[in-house]
Amino acid sequence: MSRELFGHPFSSYTWKALIALYETETPFDFRNIAGDEYPGNEAAFLGHWPVGKFPLLVEEGVPIMESSVIVERVAPRLIPADADSALEARMLDRIFDNHVMTPVQAVVAEHLPFITQTPDEARIERARAALDKIYPWLETRLAGRQWAAGNEFTVADCAGAPSLFYADWVHPIDASLANLRAYRGRLLARPSFARAVDEARPYRVTFPPGAPNRD
Ligand SMILES: N[C@@H](CCC(=O)N[C@@H](CS)C(=O)NCC(=O)O)C(=O)O
């Protein structure tokens, strides 16, 4: 079967899909849409998905949008078999995307010169305040858990890894939140995520707010 993943190697949501592909050792062709480096890939991507949000999976010419759905498609085992556990994993997947990654994207957007020359400090502060609400909630939820939804690595961790990676860059997780920081560390040590992070190292200099010298 032909399987292509369109995305950017430094994009959080692309990482989410890559983690699932690497976890399951699913063969695929990566279609990098970074800048002008790979002419043709961006046009092919927009031909499938004019909305322009990545990642995008294309199987035998059929596009599949949305990272959570891509994870489910390429790694069905990352959705627990038991209904209650599946609900917990899906819920945490949505929480990481909507309540961690969305505020992170808001901060990053305020540092993108093609969006604004003057960062909106009030918007940045609102995003930081949102992270200050979700961090302690996650700290409590993660108590006694190896992975986000329990002892199994699930779709929730595919979302947790990139969102917490970048969240800690734009709004560092306080040292008092030991469960959350330790969970982020376990994610960084997971081979599937470590591979995605390593492949993106050449792009770190492009991180709009400036990348810290760690991770
Ligand atoms: N809900 C989407 C979000 C995807 C998303 O926001 N991707 C970012 C890259 S990490 C993007 O496409 N940014 C480009 C843009 O917004 O134009 C998903 O889960 O796939």
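Attention here is on the structure that accompanies the text. Only a predicted model underlies this, so the values are computations on that prediction, with no experimental measurement involved. Residue positions within a chain follow its written sequence, with the count starting from 1. pLDDT decides what is reported in this predicted model: residues at 70 or higher carry local features, side-chain atom pairs at 80 or more are listed and counted, and totals for whole chains, interfaces and linings draw on all residues regardless. Side-chain metrics in this entry use all non-hydrogen atoms of the structure; hydrogen atoms and water are not considered.

### Thoughts on the layout of surface pockets
Over the atoms, a rolling probe the size of a water molecule traces out where space has been left empty. How we decide: Buriedness for pockets is judged along seven lines, at least five of which must meet protein on both sides within 12 Å for an open set on the 1 Å grid over protein atoms alone, while cavities are sets there where a 1.4 Å probe fits but cannot get out, and lining residues have an atom within 4 Å of a point. Grid points are joined across faces, edges and corners, and a volume is the space filled by probe spheres set on the points. Helix numbering and strand numbering both begin at the N terminus, where a helix is a DSSP run of H or I of at least 4 residues and a strand a DSSP run of E of at least 2. Polar here means any residue outside two lists: the nonpolar Ala, Val, Leu, Ile, Met, Phe, Trp, Tyr, Cys and Pro, and the charged Asp, Glu, Lys and Arg; Gly therefore counts as polar.
Of the volumes computed, that of the largest pocket is approximately 1,200 Å³. Lining the largest pocket are 33 residues, with S11, F54, Q105, V108 and L112 sitting closest to its centre. Elements with a minimum of two residues in the lining of the largest pocket: α1 (12-23) and α4 (83-109). Examining the composition of the lining of the largest pocket, we find that nine residues originate from one element, α4, more than from any other. Residue composition of the lining of the largest pocket, grouped by class: 18 nonpolar, 10 polar and five charged.

### Concerning the site of the ligand
Which entries qualify depends on this criterion: One heavy atom suffices: a residue is near a molecule or strand as soon as one of its heavy atoms comes within 4 Å of it. Throughout this description, a polar contact denotes any pair of N or O atoms lying within 3.5 Å of each other; where both atoms belong to protein, one of them has to be capable of donating a hydrogen while the other can accept it, and for residues adjacent in sequence the pair is counted only when both atoms sit in side chains. The protein chains shown are the only cover counted for residues, whose accessible areas, like all others here, come from Shrake-Rupley with a 1.4 Å probe.
Around the ligand sit S11, S12, Y13, G52, K53, F54, P55, E66, S67 and Q105, and that is every residue in its neighbourhood. Note that a nitrogen atom of the ligand is positioned 2.8 Å from one of the backbone N or O atoms of F54. At 2.7 Å from a nitrogen atom of the ligand is found a side-chain nitrogen or oxygen belonging to E66. Protein chains bury 72% of the 520 Å² of accessible surface belonging to the ligand in isolation.

### Here's the deal with the packing of aromatic side chains
Quick note on the threshold: Between rings of Phe, Tyr and Trp, where Trp is taken as its six-membered ring, a pair exists when centres lie within 6.5 Å; planes separated by under 30 degrees are stacked, by over 60 edge-to-face, and by other angles tilted. Exposed residues in this analysis have more than 50% of their type's maximum accessible area, buried residues have under 20%, and partly exposed residues fall in between, with area computed by a 1.4 Å probe over protein chains only. Only lysine NZ and arginine CZ atoms are considered, and such an atom sits over a ring when it is within 6 Å of the ring centre and within 35 degrees of the ring normal.
Scanning the entire structure with this criterion turns up 18 aromatic pairs. Considering the side-chain rings of F96 and Y183, the 6.3 Å spacing of their centres and the 25° angle between planes classify their relative orientation as stacked. Here Y183 lies in helix α7 (residues 178-189) and F96 lies in helix α4, a separation of 87 residues in the sequence. For the residue pair F96 and Y183, the accessibility class agrees, reading buried in each case. Ring centres 4.7 Å apart and planes at 45° place the aromatic pair F165 and W169 in the tilted group. Here the residue F165 and the residue W169 both occupy positions in helix α6 (residues 155-170), the gap between them amounting to four residues, near one helical turn. Through pairs of rings, three or more aromatic residues link up here, namely F10, W15, F165, Y166, W169, F193 and F207. Residue placement shows R190 over the ring face of F153; its charged tip is 4.0 Å from the ring centre. Taking the ring centre of Y22 as reference, the NZ or CZ of R195 above it sits at 3.7 Å.

### A few points about the environment of L21
Test applied: In what follows, residue pairs with any heavy atoms lying within 4.5 Å of each other are defined as contacts.
Within the element layout of this structure, L21 appears in helix α1. If sequence neighbours within four positions are ignored, L21 has contacts with R3, L5, T26, F28 and V74.

Interpretation in functional terms is not warranted from these geometric data alone.
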